[in-house]
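What follows is the residue order along each chain.
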Amino acid sequence: MSDINHHPRFETLADFAAGRLDEARAVVIATHAALCSRCAGAISDLETIGGAMLSSAPVVDMSTDALERVLAKAGDAANIVIPEKPVSDMPENRPPLAEYLTGPLDDVSWKPVAPGVSQSVLEAEGYRKGVLRLLKIQAGTRMPKHSHKGEELTLILRGAYTDNVGKFQVGDLADLDGDHLHEPEAIGDEPCICLIATSAPLEFKTMIGKIAQPFVGL
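This structure is a prediction, so every number in the text was calculated from the model and none was measured.

A.B. asks: Looking at this model, I keep getting lost on helix 1 (residues 10-17). Mind explaining?
C.D. replies: Structural remark: α-helix, 3.6 residues per turn; residues separated by three or four positions point the same way. Looking only at helix 1, the buried set comprises Thr12, Leu13, Ala14 and Phe16. Within two residues after helix 1, Gly19 carries a phi angle of roughly 75°, on the positive side.

A.B. asks: Help me understand the sheet that holds strand 7 (residues 167-169), please; the structure alone is not making it clear to me.
C.D. replies: Strand pairing in a sheet relies on backbone hydrogen bonds. The paired strands run either parallel or antiparallel. Taken together, three strands build an open sheet; the order of strands is 7-6-9 and the sheet is antiparallel. Lying at the two open borders of the sheet, with one neighbouring strand each, are strand 7 and strand 9 (185-187). Direction aside, neighbouring strands of the sheet carry axes that sit 30° apart on average. Sheet topology places strand 6 (residues 160-162) next to strand 7; three bridges connect them, and they run antiparallel.

A.B. asks: Explain the sheet that holds strand 10 (residues 192-198) here, please?
C.D. replies: As summarised here, the arrangement of the six strands in space is 1-2-3-10-5-8, forming an open sheet in which the pairing is antiparallel. The open sheet has two free edges, formed respectively by strand 1 (111-114) and strand 8 (173-176), since each of these has just one partner strand. Across the sheet, the axes of successive neighbouring strands diverge by a mean angle of 30°, strand direction being ignored. Alignment of strand 1 against strand 2 (residues 117-122), held across three bridges, turns out to be antiparallel. Opposite Pro112, over in strand 2, you have Ser118 as the bridge partner. Across the sheet, helix 2 (residues 23-35) is in contact with strand 3 (132-137), strand 5 (152-158), strand 8 and strand 10; its angle to strand 10 comes to roughly 135°.

A.B. asks: Help me understand the packing of aromatic side chains in this model?
C.D. replies: To describe a pair of aromatic rings, one takes the distance between the centres and the angle between the planes. The tally for this structure, following the rule as stated, stands at one aromatic pair. Relative to Phe168, the ring of Tyr161 lies with its centre 5.0 Å away and its plane at 25°, an arrangement referred to as stacked. Since its relative accessible area comes to 2%, Tyr161 is described here as buried.

A.B. asks: What is the right way to read the packing of helix 1 against helix 2 from this model?
C.D. replies: Packed helices, taken two at a time, are described by their axes: the angle between them and the distance between them. Direction vectors running N to C along helix 1 and helix 2 enclose 110°, while the axes themselves pass 10 Å from each other. With respect to helix 2, the element helix 1 is oriented roughly perpendicular. Within the contact between the two elements, helix 1 uses Thr12, Leu13 and Phe16 and helix 2 uses Ala26, Ile29 and Ala30. Split into classes, the residues belonging to the contact of helix 1 with helix 2 amount to five nonpolar, one polar and no charged.

A.B. asks: Quick question: what am I supposed to make of the side chain of Thr31 here?
C.D. replies: With respect to the helices, strands and loops of the structure, Thr31 is situated in helix 2. Assessed through its relative accessible area of 0%, Thr31 is described here as buried. When near neighbours in sequence (up to four residues on either side) are disregarded, Thr31 contacts Pro91, Pro96, Leu97, Leu155 and Leu195.

So, how was this worked out
Residues numbered from 1 in each chain as written. Predicted model: local features only at pLDDT ≥ 70, side-chain atom pairs only at ≥ 80, totals over all residues. Heavy atoms only, no water. Buried < 20%, exposed > 50% of the residue type's maximum accessible area, 1.4 Å probe, protein only. Helix = DSSP H or I, 4+ residues; strand = E, 2+ residues; numbered from the N terminus. Pairing = 2+ DSSP bridges. Axes fitted to C-alpha atoms, helices over the stretch in contact; angles between N-to-C directions. Contact = heavy atoms within 4.5 Å. Phe/Tyr/Trp six-rings, centres within 6.5 Å; stacked < 30°, edge-to-face > 60°. Parallel < 35°, antiparallel > 145°, perpendicular 65-115°, else oblique. Nonpolar A, V, L, I, M, F, W, Y, C, P; charged D, E, K, R; others polar.

Shown next as structure tokens:
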């Protein structure tokens, strides 16, 4: 997909390639990479570098239960891969996101959580239950101003929004941490639908945001 202007940070891509992201954040990165040849190439290069480093590492003795402990820690995130060939131009039809949906975005069961904002929680392991979700923001609606205790990954699937960082449209990914304070506003003629995963609760700066947070779950 062309015209993608916002990408994950290098550190995030490196964590994905090394399997250090939880399932929820890995789904967002893998879906973006399925749309973005630049990031897919970067992940491939990082995996190659990692493999070369492992092959040159000194041999050490392993404990007898090493394999069992590795398998016990291996979650679904380790099995998330980037598809070699895109199956559709629609982001929701690209693996791995398509595996978490029951159909197209138009058929998603949305739950209103605030004026002009609704969501659908997706099942994926994260720092707690329910940290992978679809968020639909009606055009002209502004999200409450907030910052982050951890990492927030937001991938645009439909529509667009703008904030102090710039304009984000289909395929763009916002990779934000505690240094960022923003209040995205959906723009254009259609709702902005985002795929979001967080590694810690958001910190809302307005009373409306603080009241709505328990209902939104972010």
